[in-house]
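An overview of the molecular structure
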Amino acid sequence: MALSLLWLGLTLLGALQTQAQGTIPNWIPAPPLSKVPLQPNFQADQFQGKWYVVGLAGNAVKKEEQGRFKMYTTTYELKEDGSYNVVSTLLRGQLCDNWIRTFVPSLQPGQFKLGDIKKYSGLQSYVVRVVSTNYSQFAIVFFKKVSNNQEYFKTTLYGRTKVLSPELKENFVRFAKSLGLSDDNIIFPVAIDQCIDGQ
C-alpha cells in the first residue's frame with residue numbers, strides 16, 4: 001500500500017513538473033548554479049565597458065534564428081555601490097533600441113541579480129554569472145531567470161570586438177553543450193554596424 005502511494009505521488013509530481021514546464025516539447029531544464037563555473041578573482045572594474053554579443057545559446061534559442069538574429073551590444077558601467085548600470089543596444093526593425101537595467105552584486109564576486117525586479121511583470125528571479133573572461137578580449141556570461149514559473153537560461157559569448165577566434169567560439173559551444181544544450185540551441189548573430197558602433 002505504502003509503495004503504491006509512493007508511486008502515485010511520484011507520478012503526480014512528474015505530471016505537475018510537466019505541467020509547470022508548459023507544453024513545450026523537448027524543454028531543457030536550467031542547470032543548478034552550482035554546476036555553472038564562476039570567474040575566479042572577478043575584477044568588476046576590468047569587466048565594465050562595451051561588449052559585442054558574438055554568440056548566444058539557451059533553452060529558448062532556436063537555430064532557425066541563425067542568419068536573422070542581429071548582433072547587439074551590452075555595456076556595463078560600474079557604479080560606486082558595486083552594481084552595474086547595464087545597457088543593451090539593438091536594432092529593432094529600422095530603429096535603435098536601448099534596454100536598461102541594473103545588476104546588483106551577490107555575495108560571490110562575479111554573480112549578480114537583477115535590481116528592481118518587481119517592475120518586470122511575472123519575473124520571479126534573475127541571476128547573472130560571469131563564467132570566464134580575460135577582460136580584454138572575451139567573456140562568457142550565464143543568465144538564469146524564472147518567469148511565470150518557467151525556468152529559462154542562456155549563455156552569451158561577449159567580445160570586445162565583433163570577431164573572435166574559432167577557438168573561443170569552440171570553447172563557447174563546448175560550454176553551452178555542457179549545460180545540456182545542443183547545436184539547435186546555439187547561434188552566432190550576424191555582425192552589423194547600425195546602432196552598435198560609435199558608442
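What comes next is a walk through the structure. (Residues numbered from 1 in each chain as written. Predicted model: local features only at pLDDT ≥ 70, side-chain atom pairs only at ≥ 80, totals over all residues. Heavy atoms only, no water.)

So, about the overall build of the protein chain. Tallying secondary structure elements over the protein chain gives three helices and nine strands in all. Along the chain direction, N to C, the helices and strands of the protein chain fall in the order α-α-β-β-β-β-β-β-β-β-α-β. Of all 199 residues assigned to the protein chain, the portion counted as buried reaches 41%. Contacts in the protein chain between residues far apart in sequence, at least 24 positions, make up 57% of those at least 6 positions apart. Summed over its atoms, the accessible surface of the protein chain is roughly 11200 Å², and 56% of this surface lies on carbon and sulfur atoms. (Helix = DSSP H or I, 4+ residues; strand = E, 2+ residues; numbered from the N terminus. Buried < 20%, exposed > 50% of the residue type's maximum accessible area, 1.4 Å probe, protein only. Contact = heavy atoms within 4.5 Å. Areas by Shrake-Rupley, 256 points an atom, 1.4 Å probe, with all protein chains shown as cover.)

Under the criterion given, the structure shown has one disulfide. Note on cysteine connectivity: C96 is disulfide-linked to C195, with sulfurs 2.0 Å apart. Given an S-S torsion of about -85°, the disulfide between C96 and C195 has left-handed geometry. Linking C96 in strand β4 (residues 95-105) with C195 in the segment after β9 (186-187), this pair joins segments that are 99 residues apart in sequence. For C96, a relative accessible area of 51% corresponds to the exposed category. (Disulfide = S-S within 2.5 Å.)

Core analysis: the largest hydrophobic core is formed by 27 residues, its most contacted members being I140, F153, L157, F172 and I186. Within the residue set of this core, elements represented by two or more residues are β1 (49-58), β7 (138-147), β8 (150-159) and α3 (166-178). Every residue in contact with F153, bar those within four places of it in the chain, is listed here: I28, P29, A30, P31, A57, G58, N59, F142, F143, K144, L179 and L181. Counting 25 residues, the second-largest nonpolar core is a separate cluster that includes V53, L90, Y120 and V130. (Core = buried A, V, L, I, M, F, W, Y, C linked by side-chain atoms within 4.5 Å.)

Our focus in this paragraph is the layout of surface pockets. Taken as a whole, the largest pocket encloses approximately 770 Å³ of empty space. Around the largest pocket, the lining is made up of 31 residues, and of these L56, Y72, W99, K145 and K154 lie nearest the centre. Listing elements by their share of the lining of the largest pocket, those giving two or more residues are β1, β3 (84-92), β4, β6 (123-133), β7 and β8. If one sorts the elements of the lining of the largest pocket by residue count, β8 sits on top with five residues. Looking at the lining of the largest pocket residue by residue, the class counts come to 17 nonpolar, six polar and eight charged. (1 Å grid on protein atoms, 1.4 Å probe; cavity = no way out; pocket = protein on both sides within 12 Å on 5 of 7 lines; lining within 4 Å. Points joined across faces, edges and corners; volume = space filled by probe spheres on them. Nonpolar A, V, L, I, M, F, W, Y, C, P; charged D, E, K, R; others polar.)

Most of β6 sits inside the fold, with eight of its eleven residues counted as buried. Pairing between strand β5 (residues 111-114) and β6: three bridges, direction antiparallel. The residue bridging Q111 from the neighbouring strand is R129, located in β6. As defined by bridge partners, β6 adjoins β7 across nine bridges and the pair is classed as antiparallel. Each bridged residue has a counterpart across the sheet, and for V127 the counterpart in β7 is K144. With antiparallel pairing between neighbouring strands as the criterion, β6 and β7 make up a hairpin whose turn holds four residues, including Y135 at a positive phi of roughly 70°. (Pairing = 2+ DSSP bridges.)

Further remarks concern the packing of aromatic side chains. Applying the stated criterion to the full structure yields 17 aromatic pairs. Measuring from ring centre to ring centre gives 5.4 Å for F47 and W51, while their planes differ by 35°; the resulting arrangement is tilted. With a relative accessible area of 1%, F47 lands in the buried category. With a centroid separation of 5.3 Å and 55° between ring planes, the pair formed by Y84 and F112 is classed as tilted. Residue Y84 is found in strand β3, and its partner F112 is found in strand β5; the two are separated by 28 residues along the sequence. (Phe/Tyr/Trp six-rings, centres within 6.5 Å; stacked < 30°, edge-to-face > 60°.)

What follows covers the environment of D197. With respect to the helices and strands, the residue D197 is situated in the segment after β9. For D197, a relative accessible area of 32% puts it in the partly exposed group. If sequence neighbours within four positions are ignored, D197 has contacts with K50, Y52, K162 and I192. Among the polar contacts made by the side chain of D197, one reaches the side chain of K162 at a distance of 2.8 Å. (Polar contact = N/O pair within 3.5 Å; in protein donor to acceptor, adjacent residues only side chain to side chain.)

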